[in-house]
Structure formats: structure tokens, C-alpha cells
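Residues per chain are reported as follows:
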Amino acid sequence: MSGLTLATWNINSVRLRAPQIAKWAEAADPDVICLQEIKCQEDQFPYKAFEAMGYPHAHVTGQKGMHGVATVSRLPIEPLDDQGLCAKSEARHQRLKIDGVEIQNYYIPAGGDEPDPEANPRFAHKLDFLDRLAAYFGERAKDDADIVAVGDFNIAPYENDVWSHKQLLKVVSHTPVETEGLERVRSAGDFIDVARALIPEPEKVFTWWSYRNRDWRKSNRGRRLDHIWTTPSLREAALAGGRDAFRVWDETRDWEKPSDHAPVTLTLAG
């Protein structure tokens, strides 16, 4: 591994926004792009568009009309077995190896609007997914492997990962049961939350802004839903470049018909 730059982006329809990805990739110059909510099946993925961008390698886990994750790369991709972490067998996860690093790409369930697992099956599904992840990474921690876990985790874990901690405590994505669940996952794998390792609280960091806000930048009612975590073996590589190695590309949120998420990049030092 020599200076590998990774990106994660919930693109909210890869076919609709492939031109935006191309525009952004020209500026950001990542080696690997992990996408979530691609909203297409494998045979519908715009492979040729990514080849034209300089990403000839692609691993796509699709689903008709919703969900879906994909990883495109300049470097060869070695697909790894999916661990069956989603009880509903939805297209929300993929494992692969690039340049000696295991990359896990996640689209954790959003959980609906009501933070009550008894009344809301979608929220129950989200909590179950977190429980499965915690158990899985508890086992994987024994491997001491070089793992980068990225994606739209659909949870803003800390007080300054949301525009108003007090007002969002009962809103899905920032409820205590979710943030505690995500912390169990992080702790089970002994992961470094790279954003917060490099940008400590109380500085606010957001990666998502609702479409409902007309002037999203003025209101800045954001949440940090998109994450890059590394195992301890990659701590030095992840943190060596300091804040310059990590970036939320919020300017993409100003583009015409953008995703509500911004891409996030990290350069692992070689």
C-alpha cells in the first residue's frame, strides 16, 4: 500500500449521478470509491462510465429499485465472501481486498421515522443489523487484520455530529439506542473513527444535509452519517497525514440535483 486514497459516498442513484461522480473524481482523485444507495442491479450499473473515469475495476452488490452498494477502483479488486450480516438479505454490505487492505462497504438501514422497534419494523431491522455487526467485529478483532470500514452508517454518533444534540435526541439517526449500538460496533472491532481522531469535538462535522432545507449552507442543519473507520493496525497510516488527509467534499451539495450526502475521503499513508 502506497498512499491509497479511499472515498465513501451515498450517491442516491448511481445512474442518475454518474456525471457528478466524474466531475468530483477529477478534482478529488481517489484510488477507490465506495458507493451506497446505488439503486440498481448489477447488470444496470454504469461500468463504462467508470472505466472512462479511470476506474476499470468494479464490485457491485445491487438490488432492484433500492439499496445497493458498489466499489470502483483503479487497482484490482479481490471480492471476499459476504458474511450474511443483513437478516433481510438486502444489498447493504460488501467485503473486498484492494492493495492488501480489506475494505468493508456498508449501507446501514435508515430505520424509518419512529424510533420504536415495537411499533416500527424498519427501526427494529436497523438495531438488529447493529447487533449483528457488533458480534461479527467482535470475532474479527481476533484476526488483527488491516480493515477499513466505510459507508453510510445512518447514525450521527456524537453530540457535535448533529446541528442540535438536544433537538435530535428523539430523532432517528441520533437516538441513544442507535448511538450506543454503533459504539458497541466500533468498540467490538476496536476501530478508530478517523474523522473524530483528526477533528476532535466540539468542532462540528457533517456529511449530510436534508433536501428540505432551501438554503442548506445557511441553515447548516447537518448530521455526520458517513464514516471511515480503521482497525488499530492502520492507525498510523490513517492519521499520519493529519487533517489534510481527510476531507468532506461539501461543495458537491451545491451542485444541481445533488445527493443529500457529500463524499468523504481519506488518504492512507504508505
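Residues numbered from 1 in each chain as written. Predicted model: local features only at pLDDT ≥ 70, side-chain atom pairs only at ≥ 80, totals over all residues. Heavy atoms only, no water.

K.L.:
How do you make sense of the overall build of the protein when you look at a structure like this?
P.N.:
Looking only at helices and strands, one finds eight helices and 14 strands in the protein. In terms of overall dimensions, the protein is globule-like: its C-alpha atoms have a radius of gyration of 17 Å, near the 18 Å expected for 270 residues. Counting only C-alpha atoms, the protein reaches 45 × 45 × 40 Å along its principal axes. Accessible surface computed for the protein: about 12,000 Å², of which carbon and sulfur atoms make up 47%. Computed over 34 positive and 42 negative side-chain charges, the inter-centroid distance for the protein is 6 Å. (Helix = DSSP H or I, 4+ residues; strand = E, 2+ residues; numbered from the N terminus. Rg over C-alpha atoms; globule rule 2.2 N^0.38 Å. Areas by Shrake-Rupley, 256 points an atom, 1.4 Å probe, with all protein chains shown as cover. Lys, Arg positive; Asp, Glu negative; His and termini not counted. Charge placed at Lys NZ, Arg CZ, Asp CG, Glu CD.)

K.L.:
Just checking my understanding: could you explain the state of the cysteines for this structure?
P.N.:
Here is the idea: a disulfide is a covalent bond, and it sits between the sulfur atoms of two cysteines. Tallied over the entire structure, the rule returns zero disulfides. Cys 34 carries a free sulfur, and the closest cysteine sulfur to it, the one in Cys 40, is 15 Å from it. Judged by relative accessible area, which is 0%, Cys 40 ranks as buried. (Disulfide = S-S within 2.5 Å. Buried < 20%, exposed > 50% of the residue type's maximum accessible area, 1.4 Å probe, protein only.)

K.L.:
Help me out: how do you make sense of the UniProt feature "site: Transition state stabilizer" (unreviewed entry) in the protein in this one?
P.N.:
Per the UniProt record, the feature "site: Transition state stabilizer" (unreviewed entry) sits at Asn 154. Assignment of secondary structure puts Asn 154 in the loop between strand 8 (147-152) and helix 4 (165-168). Apart from the residues lying within four places of it in its own chain, the contact partners of Asn 154 are Tyr 107, Ile 108, Pro 109, Ala 110, Lys 126, Ser 173, Glu 178 and Leu 225. (UniProt positions renumbered as here; feature names shortened; annotations may be inferred. Contact = heavy atoms within 4.5 Å.)

K.L.:
How should the nonpolar core be read in this particular structure?
P.N.:
Inside soluble globular proteins, nonpolar side chains tend to come together where they are buried. With 30 residues, the main nonpolar core has Ile 103, Val 148 and Phe 246 as its most contacted residues. If sequence neighbours within four positions are ignored, Phe 246 has contacts with Val 194, Ala 195, Leu 198, Ile 199, Val 264, Thr 265 and Leu 266. (Core = buried A, V, L, I, M, F, W, Y, C linked by side-chain atoms within 4.5 Å.)

K.L.:
Teacher, can you tell me more about the packing of aromatic side chains here?
P.N.:
When we look at a pair of aromatic rings, we describe it by the centre distance and by the angle of the planes. What the rule picks out here adds up to 13 aromatic pairs. Between Phe 45 and Phe 50, the ring centres sit 5.2 Å apart and the planes meet at 10°, which makes this aromatic pair stacked. Three or more aromatic residues joined by ring pairs form one cluster here, namely Tyr 106, Phe 129, Tyr 136, Phe 137, Phe 153, Phe 191 and Trp 229. A cation sits over an aromatic face here: Arg 221 above Trp 163, 4.2 Å from the ring centre. A cation sits over an aromatic face here: Arg 247 above Trp 249, 3.5 Å from the ring centre. (Phe/Tyr/Trp six-rings, centres within 6.5 Å; stacked < 30°, edge-to-face > 60°. Lys NZ or Arg CZ within 6 Å of the ring centre and 35° of its normal.)

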